[in-house]
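Remarks on the overall topology
The primary structure of each chain is shown beneath.
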Amino acid sequence: MSLSRRPLERGRVLLLLLVLLLAVGVGAGRTWLRGEAARSQVLTRVKPMLESRLGPVRIGDDFHIGWSGTVTLGPVELPGTRPEGPPVVRISRVTVHLRRRALLSGHVEASRVVLSGVQVEAGPRGQEVWALVERVRQLRQNRRPPPDSSERAPREFPELELKDVRLAFERHGRVEWGPLSARVRRTGAAEAARWEATAELPGGGGAVLSVQQGEPGMSGMLQGRGIPAGPLLSLAELPWRMDGGTLEGEVRVDATGTTFSGAMTGLTVSSPQLAPEPVGPLSFSAEGRVHWDLRTKHVKLESLRLTVGERREARVEVRGEVTWSGEPHFSVRAELQPLSFEQAMAALPAALVPGTELARLEGQFQASLALSGPILQRRDWEVKAKLDLSELKQSARAGPLHWLREPFEYRPLTADGRGRALHIGPSNPAYLPLAEIPHRLVRAVLRSEDAAFWTHRGFDFDSLRDILLAPADDKMRGGSTLTQQLAKNLFLSREKTYARKVKEAFLTLGLEASVPKERMLEVYLNIIEWGPGLHGIGEAARHYFGKDARELSIRESAFLATIIPNPVRYHVYCSRGALSDIWTKHVNELLAVLHEGGDLTRTEYQEALTAPLVFTGHPGSQPPADEETPIRTIVPGRD
């Protein structure tokens, strides 16, 4: 028995020694793996590789190698262009999971890389990110593949995972978007590689991106579902506040073109320039197809459908193309599909809808706009627009604005609200029917304010083209037709917002469909402001010249027409008793336009140039200093 125990005891001793040696080895190995020597060896290989691809890289002291085949280090920073600024990218921790099979064969390959706590500082207008992209591009161009790279077996691309990513932008202030997370994976051989990326976005929603390398070329698809729109749009730092809203869409791209579709629902926009109150909810969508041929330098918008409204009540079809084989040239045509007032107002939020019963107007209207020309020569663009109200006019005579055809009570808008009541009809001694208003005064007002009044349908697209595309001094100005001015005076406040312009457009369509041109002109001349507390041509003629409007001279008529854009400001001429040299020139320019347009004979024109202009109560006053500048430049118009 004693002899048989000895081998057993020796075995136990040897096993104990092996365990002790293994423990010592493990402890020593763990100490080495966590030591500076291991960190130095890893960084000696990793840092040059990163810098050859990304430029300067800073790696912190956090370093760990785990038994499960992971390497953790951090933080990792990519410096920006500003010496005192934050790094353009900072990654709190990088965890690399190694492939055990590759390790057994003597190779170091990553199966998964996890970037945690990623902070991206885009800088002013994204300059830092663009600088990093350009740096990577230059390094990639300068980097040469090793001589034996073609003989090496292709390695599997590791899966990339990003956690807690935050993007910061600087414009008028610092805006941060996050956190988001994402995964990126590549499958397939290099010649047929497929990239897939998924992202979970801040506030919910997600996106999927896939890119396929194939024989015809690259193709890809991007999908987004349930994306909170407000926070995403706020990154652009628009002059409006965006709240709520959900964005969904899909884009597919191949070698010859792209198809796309997207929808935004429930978005609310707030801005003093837009409206006094928040505007929403807004809903709109877009879908279409673009084809391109880069060889012939030609891009064609084959189809684009834009809709507005939760039920997509308003629809616009758009087509166009761009070529740049010679001078870059474009053409685009948009067509508003037949739309009723009821549908139009249902498509828009309440803040953009006039406070009248226009929705009761029966029938539909439609419009089209064609724009073409050399891209870089704005003045040479050709604009063709058409507005069809024929169906509306057939049913609007008994519509909600029919009361304007008869005498009515009007309270002009003042700084304190609606002012004194004015009767727009024969019972008002200051009221003048259109037939009794001097013809030269009517022509002067139309030449000055709306030369195409008799031919347009509420909007003078030719004048808008000149104002927007080819202004005489390259400064943009507003241009309202007489119908638009009448809509504003009758129904709207003085607020200068985009919402008011939208309401004005609806009311303009309603007036054009419901009221004859002659009646609109008659009402306009009898209600517009011609000075402080002065409304209508009857009151203006008495105040400025002490006479009945029927007796106004040609020069007096021309003067009254020139002050319509800002009568309170230009009333100063009456209080001073005479025109300045600048305003005398302005009146004479209008007289010249009347003469050139056939409204004045040569004799009438010459007499009007030299006729006296005597304001009531101020005979013989000295002219004021030349300090006033006309708001509107008068040009020959179209009848």
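Scoring rules and cut-offs
Within every chain, residues take consecutive numbers counted from 1 along the sequence as written. Totals for whole chains, interfaces and linings use all residues, but because this is a predicted model, local features are given only for residues with pLDDT of at least 70 and pairs of side-chain atoms are given and counted only at 80 or more. For side-chain calculations, the full set of non-hydrogen atoms in the structure is used, while hydrogens and water are omitted. A side-chain nitrogen of Lys or Arg and a carboxyl oxygen of Asp or Glu constitute a salt bridge if their distance falls within 4 Å. Helical segments are the DSSP runs of H or I of at least four residues, strand segments are the runs of E of at least two, and each set is numbered from the N terminus. In this scheme, a residue with accessible area under 20% of its type's maximum is buried, one over 50% is exposed, and one in between is partly exposed, where area comes from a 1.4 Å probe on protein chains only. Per residue, pLDDT captures the predictor's confidence, and it can take any value from 0 to 100. Contacts between residues were defined by any pair of non-hydrogen atoms, one from each residue, lying within 4.5 Å. Two rings from Phe, Tyr or Trp (for Trp, the six-membered ring) form a pair when their centres sit within 6.5 Å of each other. Planes less than 30 degrees apart are called stacked, planes more than 60 degrees apart edge-to-face, and all others tilted. For a ring to carry a charge above it, either NZ of a lysine or CZ of an arginine must fall within 6 Å of the ring centroid while also lying within 35 degrees of the normal to the ring plane. Take the number of residues in a helix, subtract one, and multiply by 1.5 Å to get its expected span. For helices, the axis comes from a line fit to the C-alpha atoms of the stretch in contact; other axes are also lines fit to C-alpha atoms, and the angle between any two N-to-C directions lies between 0 and 180 degrees. The scheme is simple: roughly parallel for angles under 35 degrees, roughly antiparallel for over 145, roughly perpendicular for 65 to 115, oblique for anything else. Residues were grouped as follows: Ala, Val, Leu, Ile, Met, Phe, Trp, Tyr, Cys and Pro as nonpolar; Asp, Glu, Lys and Arg as charged; and all remaining residues, including Gly, as polar. Pairs of strands are assigned from DSSP output, requiring at least two bridges between the strands.

1. Topic: the pattern of salt bridges
Using the criterion set out here, one finds 34 salt bridges in the structure. Across the pair Glu 159 and Arg 183 runs a salt bridge whose closest N-O atoms are separated by 2.7 Å. Here Glu 159, found in strand S5 (residues 159–170), pairs with Arg 183, found in strand S6 (residues 174–187); they are 24 residues apart in sequence, far enough to count as distant. Residue classification places Arg 183 among the partly exposed positions, given a relative accessible area of 38%.

2. With respect to helix H13 (residues 537–545)
Counting buried positions along H13 yields seven of nine residues, so the element is predominantly enclosed. Looking at H13, one finds that the buried residues are Ile 537, Gly 538, Glu 539, Ala 540, Ala 541, Tyr 544 and Phe 545. One or two residues past the end of H13 sits Gly 546, with phi positive at roughly 65°.

3. Brief notes about the confidence of the model for the protein chain
Summary statistics for the protein chain give a mean pLDDT of 84 and a share of 83% for residues scoring 70 or more. Overall, residues 23–30 carries pLDDT values under 50, and its contacts beyond four positions in sequence, including any with other chains, amount to two contacts. Here residues 619–633 is a poorly scored stretch, pLDDT under 50, and it has 41 contacts once near neighbours within four places are set aside; other chains count.

4. Section: the packing of aromatic side chains
Evaluation of the coordinates by the stated rule reveals 14 aromatic pairs. Plain terms: the ring middles of Tyr 544 and Phe 545 are 6.2 Å apart, the flat faces sit at 40° to each other, and that makes the pair tilted. In this structure Phe 545 comes out as buried when scored by relative accessible area, which is 8%. Between Tyr 544 and Phe 559, the aromatic rings sit 5.8 Å apart at their centres with planes inclined by 75°, giving edge-to-face as the arrangement. Residue Tyr 544 is found in helix H13, and its partner Phe 559 is found in helix H14 (residues 554–562); the two are separated by 15 residues along the sequence. Judged on exposure class, the residue Tyr 544 and its partner Phe 559 are both buried. These aromatic residues form a ring-pair network of at least three members: Tyr 544, Phe 545, Phe 559 and Phe 615. The lysine or arginine in question, Lys 517, covers the ring of Phe 453, its NZ or CZ lying 4.4 Å from the ring centre.

5. Re the environment of Ala 513
Checked against the element boundaries, Ala 513 lands in helix H11 (residues 498–514). Owing to a relative accessible area of 4%, Ala 513 belongs among the buried residues under this scheme. The spatial distance from the C-alpha of Ala 513 to the C-alpha of Glu 391 is 8.8 Å, given a sequence separation of 122 residues.

6. Some thoughts on H11
Between the first and last C-alpha of H11 there are 24 Å, a value that for 17 residues agrees with the 24 Å anticipated at 1.5 Å per step. For H11, the tally of buried residues reaches 13 of 17 residues, placing the bulk of the element in the interior.

7. Regarding the packing of helix H10 (residues 482–491) against H11
The interhelical angle for the contact between H10 and H11, taken along N-to-C directions, is 110°, at an axis separation of 8 Å. Looking at the two axes, H10 sits roughly perpendicular to H11. Listed contacts from H11 to Thr 483, Gln 484, Leu 486, Ala 487, Lys 488 and Phe 491 of H10 are Arg 500, Glu 504, Leu 507, Thr 508, Leu 511 and Glu 512. For the contact of H10 with H11, the residue count by class is five nonpolar, three polar and four charged.

8. Re the pairing of strand S2 (residues 70–78)
Look at any regular strand and the pattern is simple: side chains alternate between the two faces of the sheet. Counting buried positions along S2 gives eight out of nine residues, so the element sits mostly inside the fold. Pairing between strand S1 (residues 58–66) and S2: seven bridges, direction antiparallel. When the sheet's bridge partners are listed, Arg 58 is paired in S2 with Glu 77. In this structure, S2 lies alongside strand S3 (residues 89–98), joined through seven bridges in antiparallel fashion. By the bridge assignment for S3, Thr 72 is matched with Thr 95.

9. A closer look at unusual backbone geometry
Across the junction of Gly 74 and Pro 75, the peptide omega takes the value -15°, indicating a cis bond. As for its position among the elements, Pro 75 is in strand S2. Put simply, Gly 178 and Pro 179 share a cis peptide bond, and its omega is -5°. A positive phi angle, near 55°, is found at Asp 164, a position not held by glycine. Position of Asp 164 relative to the elements: it lies in strand S5. Taking relative accessible area as the criterion, Asp 164 reaches 36% and is therefore assigned partly exposed. Positive phi outside glycine occurs at Lys 297, with the angle close to 55°. Tracing the chain through its elements places Lys 297 in the loop between strand S12 (275–293) and strand S13 (298–308).

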